[in-house]
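# Structural description and commentary
These are the residues of each chain, in order.
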Amino acid sequence: MNLRIYCSFLLGVLTTTVWGLGSSCSAPLGAGTAAASDPFWMQNIKHQGTSAFNANPSSYQVFRNVKDFGAKGDGVTDDTAAINAAITAGSRCGLGTCPSSTLTPAVVFFPQGTYVVSAPIIAYYYTQLIGDARVPPTLLATSNFNGIAVIDADPYIPGGNGAQFYVNQNNFFRSVRNFVIDVRQVPATSSEGTGFHWQASQSTSLINIVIQMSTASNTAHQGIFMENGSGGFLGDLVFNGGKFGMWVGNQQFTVRNVTVNNAQSGIFSVWNWGWTYQGVTINNCQVGFDVSTGGLATGTQTSGALAIIDATITNTPIFVRTAVASNGKLDGSLVINNAKLSNVPVAVGVESTGATVLAGGTTTITSWGQGNVYHGSSGSGTFTQGSIVAANKPSVLLDSSGKIFGRTHPQYADFSPSQFISVKDNGAKGDGKTDDTAAITAVFNKFAGCKIIFFDAGTYVVTSTITIPAGTQIVGEGWSVIAGKGSAFQSQSNPTPVVRVGAPGSQGIMEITDLIFTTIGPAAGAIVVEWNVKQPSGQTGGTGMWDSHIRLGGAAGTNLEPSTCPRDGSGGTTNCFAAFMALHLTSSSTAYLEGTWVWLADHDLDGDGSTQVQIYSGRGILSESAGPVWMIGTAEHHVLYQYNLFNAKNHYIGLMQTETPYFQPSPVPPAPFTSNATIGDPTFSPTMPAAWALQVQSSTDIIIFGAGFYSFFQNFDQTCLNTNSCQTQIVNIDSTSSVTVYSLSTVATTFQFSINQNGIINQSGNVDGFASTVTAWSRN
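Residues numbered from 1 in each chain as written. Predicted model: local features only at pLDDT ≥ 70, side-chain atom pairs only at ≥ 80, totals over all residues. Heavy atoms only, no water.

### Observations concerning helix 5 (residues 437–447)
Those residues of helix 5 that fall on the buried side of the exposure criterion are Thr-437, Ala-439, Ile-440, Val-443, Phe-444 and Phe-447. At its buried positions, helix 5 is contacted by strand 26 (420–422), strand 27 (431–435), strand 28 (452–455), strand 29 (459–462), strand 30 (466–468) and strand 31 (472–485). Downstream of helix 5 by a residue or two, Gly-449 has a phi angle that is positive, lying close to 95°. (Buried < 20%, exposed > 50% of the residue type's maximum accessible area, 1.4 Å probe, protein only. Helix = DSSP H or I, 4+ residues; strand = E, 2+ residues; numbered from the N terminus. Contact = heavy atoms within 4.5 Å.)

What follows is the structure, encoded as structure tokens:
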């Protein structure tokens, strides 16, 4: 199907097909059937997952139950050694000798119980730590607990002069879910009473966790300690007590649905380039957000940008407190949108002077900002401490309370193992070699709508398009992989989906969790995921994907590694095409995407974990959807653009993060691809020889709530950072689209914002530490 026919086919789908049932189904799935006393389905379901490219795939164990390694969970026995044995078994990637690996994934399961720990649980690379979702287990730190935190995602190496297990910016692929972490037995004055040391990067998540800490006046406890990284997502967390609910420093992160009760400081922001906080609740704290500022004056990076939306603050003297006064100029951008205060005397204050910038009380802050605000085509910003543009929020993007809709990662806690069906039990191999197209298609055709489809851990090769029917719920195991391979995906002039999420025009539930979509190169014509499905009427967020990623190249089995496609470009282009497009949201689709990383590899995750590659994916995310669409995630290194909103409507995106390909401008985009206006591709000029982070065309009601768009290289060289001139433009919006942008941070890009490819906002007026930040832009 050539490109023009492909587009015409999608546009020509006028009918809507409501989902049906698989051929074996007599009735829809319905409610969960687990009895009240049953454990979480994950404990007893058959486990036969494999790591396809491990040296010993038949013997390597992906799923591990900590009790099989000697943990008792009885609230008495010290289970530290047993838990860490479960994590480390199988020569896994850790100890500072392995920077990263996709070859040794692990799902480490904790049944119900109380697990006593006296030292950190070390979360190795590519690990999911999952507790029973029905009755989350407790990790109970002893009074003599010795270590940085109960769960440590990036340990410091003893005697290593600050060296750690992993490079913090590359600490990918890890998730922790369903726990109560209790540090109240640790002496209140000890900072070792910490829940997480979470120095993490993209494709990481914390979900459904409660952390219990001391409420003593001299407490030093903290829920999360995060001093570095490049994240990431965390959500559905509760912090009780502590000096800090969260003490955080990281390039960027998205936080959704976090509650802090009875802490001294709910969230302490030590440094960042940009964080988005959605749906934060603060109760009975001394300060809601303590924000380190003043870095511009001292030449150090402090908190560059906070964007807070739909917050609820109660019985807390100060909502937001910056370390120092801004003194009439940008020094840390702040956006507050729809914050409901109850008995909060100071909405925004200054620690160093005690001044009140914005009075509080019992009130709602509709839209307030501190920083440089821009309008229309004017390149002159106004430093503002006051009301800023309030974006129009279409009702389809909101929940019943008027907040931006959010939905927790589905875990099917009330379902029994009999309500799942394994693809491996039905003929799929997942061995990275066998063509599993027919087997997977047969599973969908037979069981969609009446069983939850379980993709046992493995790499499933498909050689033609597979369609996931509307009405399907899919669960992976340790990021099961679906990989497109072969001639069907090799022609740029004949782009073909690897995976269709819903047939064009279809409508019904769609839930996808813990999968990776990829290609085995070359794949110049692969549309890795084409998303067509529309949510059922009355079921907001009914079509979604959680903790699932599109990862292209840079991993074993992809044929897109340094030996084939080295960074010097000597591999050429023919054998180094990873995809035509990563993700396409079609016009009738709706999508809720949370924690989605759409990554074209810049380096190899296997081998030495750092050697760079030069591979090519034409486009990141193209959305033509009329919405609603919610996107929380990142897209990096694609050739033409990372995000392209083309005839799109009703989108909420935050935080969105991108990086420009390291090899550009060699070749100059769109090479080695060709621009095509039919699908809204941008054009390029000699003065703009780099990918767009974001392009918006003919689109309506687009809300960008937090963005980090970075350009670090030219032809793999970082000299351009010395003059902040790696790229001339990075965001382009046409002259008609209705878009509101909050908290836009860019790196080394001359013009942060352009209209019709004419640079409007120069970074020089918005320097905010390493990045430059626009607090808000609106059309009028």
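### A short note on the state of the cysteines
Under the defined criterion, the tally for this structure stands at four disulfides. Linked covalently through their sulfurs, Cys-93 and Cys-98 form a disulfide whose S-S length is 2.0 Å. A torsion of -100° about the S-S bond marks the disulfide between Cys-93 and Cys-98 as left-handed. The exposure classification of Cys-93 matches that of Cys-98, with both residues buried. Cys-565 shares a disulfide with Cys-576; S-S distance 2.1 Å. Taking the torsion about the S-S bond as the criterion, the Cys-565 to Cys-576 disulfide, at about -105°, is left-handed. (Disulfide = S-S within 2.5 Å.)

### Topic: the pairing of strand 23 (residues 333–350)
The side chains of a regular strand alternate between both faces of the sheet. Buried residues dominate strand 23, accounting for 14 of its 18 residues. Strand direction decides the pairing type here: strand 20 (residues 305–309) and strand 23, joined by five bridges, are parallel. Of the residues in strand 23, the one forming a bridge with Ala-305 is Ser-333. Summarising the sheet, strand 21 (residues 312–314) and strand 23 pair through three bridges and their orientation is parallel. In the sheet register, Ile-313 faces strand 23, and the bridge partner there is Leu-341. (Pairing = 2+ DSSP bridges.)

### Structural notes on the pattern of salt bridges
Tallying each qualifying case throughout the model produces eleven salt bridges. Put simply, Arg-619 and Asp-681 hold a salt bridge, and the shortest N to O gap is 2.7 Å. Highlighted residues: Arg-619 in strand 40 (residues 616–623) and Asp-681 in the loop between strand 43 (649–659) and strand 44 (692–697), separated in sequence by 62 residues. Of the two residues, Arg-619 and Asp-681, neither departs from the other in class, the shared state being buried. A single network of salt bridges, built from pairs that share partners, joins Asp-236, Arg-256 and Glu-594. (Salt bridge = Lys/Arg side-chain N within 4 Å of Asp/Glu carboxyl O.)

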